[in-house]
Amino acid sequence: MNKLSSLARMGIAHKCFGNPIPQQAYDLIEAVEEAILDFNPQLKVNKEIYKGHKSLEDMIKSHISVWRDALEKLHEESTEPDDISYYAHELRALAEVEAAVTAKLGE
């Protein structure tokens, strides 16, 4: 979960508390953000795991073409019907992953 930007915090505080904005307004916003994370630990994401990418989708997007090329090569070189079927299935699944990533990134 991304924390609110300073500008968003100021807008919320101004809308709820008016001017001048008391420090308690910012404290309340921070407390709500912390409570959301405490009660929803799945939202806690360490951005370092993305290795410089801005999101998981962005990280996956940069590898899809390599995975597709490898799967296509394995599919083409396969002679066993089970292997051919397996690689065809994985290629279809990868196409679905690519569509989901593209949609999530708004591309």
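Predicted model only: the values in this text are computed from it and were never measured.

(A) Spotlight on the overall build of the protein. Within the protein one finds five helices and zero strands. What you see in the protein, going N to C, is helices and strands ordered as α-α-α-α-α. Taking all 107 residues of the protein together, the buried fraction comes to 15%. Considering only contacts in the protein between residues 6 or more positions apart, those separated by 24 or more positions represent 38%. Counting only carbon and sulfur atoms, one obtains 57% of the accessible surface of the protein, whose full area is about 8100 Å².

(B) Representation of the nonpolar core within the structure. Ranked by size, the top nonpolar core spans five residues in total: Ile64, Leu71, Tyr87, Leu91 and Leu94. Sorting the residues of this core by element identifies α4 (64-77) and α5 (81-105) as the ones contributing at least two each. Top element by residues in this core is α5. It accounts for three residues. Ignoring sequence-local partners within four residues, the contact set of Leu94 consists of Ile64, Trp67, Arg68 and Leu71.

(C) Structural detail: the packing of helix α1 (residues 6-17) against helix α2 (residues 23-39). Contact pair α1 / α2: the axes reach a minimum separation of 9 Å and the direction vectors enclose 115°. The interaxial crossing formed by α1 with α2 has right-handed handedness. Residues Arg9, Met10, Ile12, Ala13 and Phe17 of α1 form the contact with α2, whose own contacting residues are Ala25, Tyr26, Leu28, Ile29, Glu30 and Glu33. For the contact of α1 with α2, the per-class residue count stands at eight nonpolar, no polar and three charged.

(D) How the structure looks around the side chain of Ser55. Checked against the element boundaries, Ser55 lands in the loop between α2 and α3 (56-61). Polar side-chain contacts of Ser55 include one of 3.4 Å to the side chain of Glu57. Those residues in contact with Ser55 that sit more than four places away from it in its chain are Tyr50 and Leu105.

Calculation criteria
- Residues numbered from 1 in each chain as written.
- Predicted model: local features only at pLDDT ≥ 70, side-chain atom pairs only at ≥ 80, totals over all residues.
- Heavy atoms only, no water.
- Helix = DSSP H or I, 4+ residues; strand = E, 2+ residues; numbered from the N terminus.
- Buried < 20%, exposed > 50% of the residue type's maximum accessible area, 1.4 Å probe, protein only.
- Contact = heavy atoms within 4.5 Å.
- Areas by Shrake-Rupley, 256 points an atom, 1.4 Å probe, with all protein chains shown as cover.
- Core = buried A, V, L, I, M, F, W, Y, C linked by side-chain atoms within 4.5 Å.
- Axes fitted to C-alpha atoms, helices over the stretch in contact; angles between N-to-C directions.
- Left-handed = near helix turned anticlockwise from the far one by under 90°.
- Nonpolar A, V, L, I, M, F, W, Y, C, P; charged D, E, K, R; others polar.
- Polar contact = N/O pair within 3.5 Å; in protein donor to acceptor, adjacent residues only side chain to side chain.

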